[in-house]
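Now for the letters of each chain:
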Amino acid sequence: MKKSNFVGMAVVAVCAVPGLASANLLLNGNLDVTYQQEIVPNFFLPKPADWVNDGFRSTTGAYEDEMSSEPWAGPAPTPVTTGGVAGDDWAVFLKPFSGTATNQATGHLHQTVAGTAGSNYTFSGWAGGESNALMQDALFAIDFFDGSNNLISSAELSILPTLVTANGQAFNYKFYSLTSAAPVGTANVRARISMINAIPNPAGGGQAFVIDDFSLTADAVPEPATMTIFALGAAITLRRRSKK
Ligand SMILES: [Ca+2]
Ligand SMILES: [Ca+2]
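Student: Hey, could you go over the pairing of strand E5 (residues 52–57) for me, with residue numbers and the actual values?
Tutor: Summarising the sheet, E5 and strand E9 (residues 105–114) pair through 6 bridges and their orientation is antiparallel. In the sheet register, Arg57 faces E9, and the bridge partner there is Ala105. From the end of E5 to the start of strand E6 (residues 61–62), which pair antiparallel, there are 3 residues.

Shown next as structure tokens:
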């Protein structure tokens, strides 16, 4: 006589896909891919692809020379990447000195992705300032929009208090990060870096404000059914042979 016993073994893995949880939602987060933007008639400078930039002066309004893409601002201490046209590492150079004392310069660089209410969004990246850069504020921000593209709320981190603090690194580069939960009604999430009301430094000297290597990530919405992965292990067949 033969008996067969099947022992099913269920293997439970919780949050077993960390790669998905931390995926960068931004395109061209390392700013290496650029396009040519006409700054003034017949004069072009590179700007980062997949991002939107808005520049305006407080008195005279919109202009295009508030920022441009530059390869000299991309290398270490920021992550060294090779996505540029020459396999090089590009970054964005914001220009506080493009304003004047009475016509101050504001620039925003931003990218918008589809969002989910209740998720925690983390926006991280690198920013640095030369010691004589002058501006009212410098921000990392996450803006939340509803399905009609109305702004619901913004989370802002002022990086100005430490932007130009000397740390021995190129351009005094530092890593910054902020996290905010998407409010009810969120349909789109915008990652934004802003230079607010900047002016030239009468003393001259280095006044660059540079940024590179951004990520926007979202934690999974807490829902047990999607937080747990059940993997059914191979059924183990045990055969017992009875002695004759
Ligand atoms: Ca870099
Ligand atoms: Ca870069």
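Student: Quick rundown of the sheet that holds strand E11 (residues 134–145)? Include the residues and the values.
Tutor: Spatial ordering of the open sheet is given by E6-E5-E9-E14-E11-E12, a layout of 6 strands whose pairing is antiparallel. Both edges of this open sheet fall to E6 and strand E12 (151–158), since each of them pairs with a single strand only. Relative to strand E14 (residues 188–199), E11 is paired through 11 bridges, and the arrangement is antiparallel. Bridge pairing in E14 links Leu134 to Ile199.

Student: Pulling in residues and values, what's your account of the environment of Asp50?
Tutor: Among the secondary structure elements, Asp50 is positioned in the loop between strand E4 (43–48) and E5. Asp50 gets classed as exposed once you count the C-beta atoms within 10 Å, which come to 12. Distance in space between the C-alpha atoms of Asp50 and Thr34 is 8.6 Å, their sequence separation being 16 residues. If near-sequence neighbours (up to four positions away) are discounted, Asp50 is found in contact with Leu27, Asn28 and Gln111.

Student: So, the environment of Leu160: which residues are in play, and what are the values?
Tutor: With respect to the helices and strands, Leu160 occurs in helix H2 (residues 160–163). When the 18 C-beta atoms within 10 Å are taken as the criterion, Leu160 is described as partly exposed. Put simply, Leu160 and Leu139 are 21 residues apart on the chain and 7.3 Å apart in space, counted from C-alpha to C-alpha. Every residue in contact with Leu160, bar those within four places of it in the chain, is listed here: Met135, Asp137 and Ala138.

Rules of the game
- Residues numbered from 1 in each chain as written.
- Chains lettered and ligands numbered in written order.
- Predicted model: local features only at pLDDT ≥ 70, side-chain atom pairs only at ≥ 80, totals over all residues.
- Pairing = 2+ DSSP bridges.
- Helix = DSSP H or I, 4+ residues; strand = E, 2+ residues; numbered from the N terminus.
- Buried ≥ 20, exposed ≤ 12 C-beta atoms within 10 Å, placed from the backbone.
- Contact = placed C-beta atoms within 7 Å.

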